[in-house]
Amino acid sequence: MDAEQLTHLRALLRAKMKRHQRLQEMIDLLGDDGVVELVADMADKHGDDRAIDRFRLPLLATKALLAGKPYIPPVIILCGARTRTGAPCKRRPIPGKQRCRNHGGLNRGDRTPQGRINAGKGLRQWHAARRAAKTALTGV
Ligand SMILES: [Zn+2]
């Protein structure tokens, strides 16, 4: 490891970042083998778990890496609904749903026949209003 890599590594360890993000950065810097070497070196002195914790890396992903399996970055699913500020919502969706509890994740849909009828009425009204607004705008 050269001096520049070492400076980089120190900066990474100081940075407040998510564990899997830090692992990805370390892999970008040192390569898979480099990270394995680094953790294995430390593991000789302190044991696997302590070494992994020392570099603040994700436990299971690093163990997989030490066992010679490739590191697969986690796919983090977000709600993504547009918030009042216009940015996508960063919360996790309700399990089995697309949206978080603030953005309709708890919605169970129309559950009675009358509810289905009302929803249909509302939808047709909404479409009619939209068409009216469009023709008013374009003047057609
Ligand atoms: Zn949300």
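Residues numbered from 1 in each chain as written. Predicted model: local features only at pLDDT ≥ 70, side-chain atom pairs only at ≥ 80, totals over all residues.

Some remarks on the overall build of the chain
(1) Moving on: Within the chain one finds 5 helices and 0 strands.
(2) Moving on: N-terminal to C-terminal, the α/β element order of the chain is α-α-α-α-α.
(3) Moving on: In terms of overall size, the chain is more extended than a compact globule, its C-alpha atoms giving a radius of gyration of 26 Å where 140 residues would be expected to give roughly 14 Å.
(4) Moving on: The principal-axis extent of the C-alpha atoms belonging to the chain is close to 75 × 40 × 25 Å.
(5) Moving on: Burial statistics for the chain: of 140 residues in total, 9% are counted as buried.
(6) Moving on: Taking the contacts inside the chain whose residues are at least 6 apart along the sequence as the reference set, 31% of them involve residues at least 24 apart. (Helix = DSSP H or I, 4+ residues; strand = E, 2+ residues; numbered from the N terminus. Rg over C-alpha atoms; globule rule 2.2 N^0.38 Å. Buried ≥ 20, exposed ≤ 12 C-beta atoms within 10 Å, placed from the backbone. Contact = placed C-beta atoms within 7 Å.)

A look at the domain arrangement of the chain
Think of interface size as the accessible area that goes away when the parts come together; that is how it is often given.
(1) Moving on: Domain assignment breaks the chain into domain 1 (3-66), domain 2 (77-108) and domain 3 (111-138).
(2) Moving on: Relative to domain 3, the C-alpha centre of domain 2 lies at a distance of 24 Å. (Domains from an automatic or database assignment.)

Quick notes on the packing of helix H1 (residues 3-14) against helix H2 (residues 19-46)
(1) Moving on: The contact between H1 and H2 brings their axes to 11 Å, and the two run at 180°. Between H1 and H2, the crossing angle belongs to the class labelled roughly antiparallel. On the side of H1, the interface is formed by Gln5, His8, Leu9 and Leu12, while H2 contributes Arg22, Glu25, Met26, Leu29 and Leu30.
(2) Moving on: Split by residue class, the contact of H1 with H2 holds 5 nonpolar, 2 polar and 2 charged. (Axes fitted to C-alpha atoms, helices over the stretch in contact; angles between N-to-C directions. Parallel < 35°, antiparallel > 145°, perpendicular 65-115°, else oblique. Nonpolar A, V, L, I, M, F, W, Y, C, P; charged D, E, K, R; others polar.)

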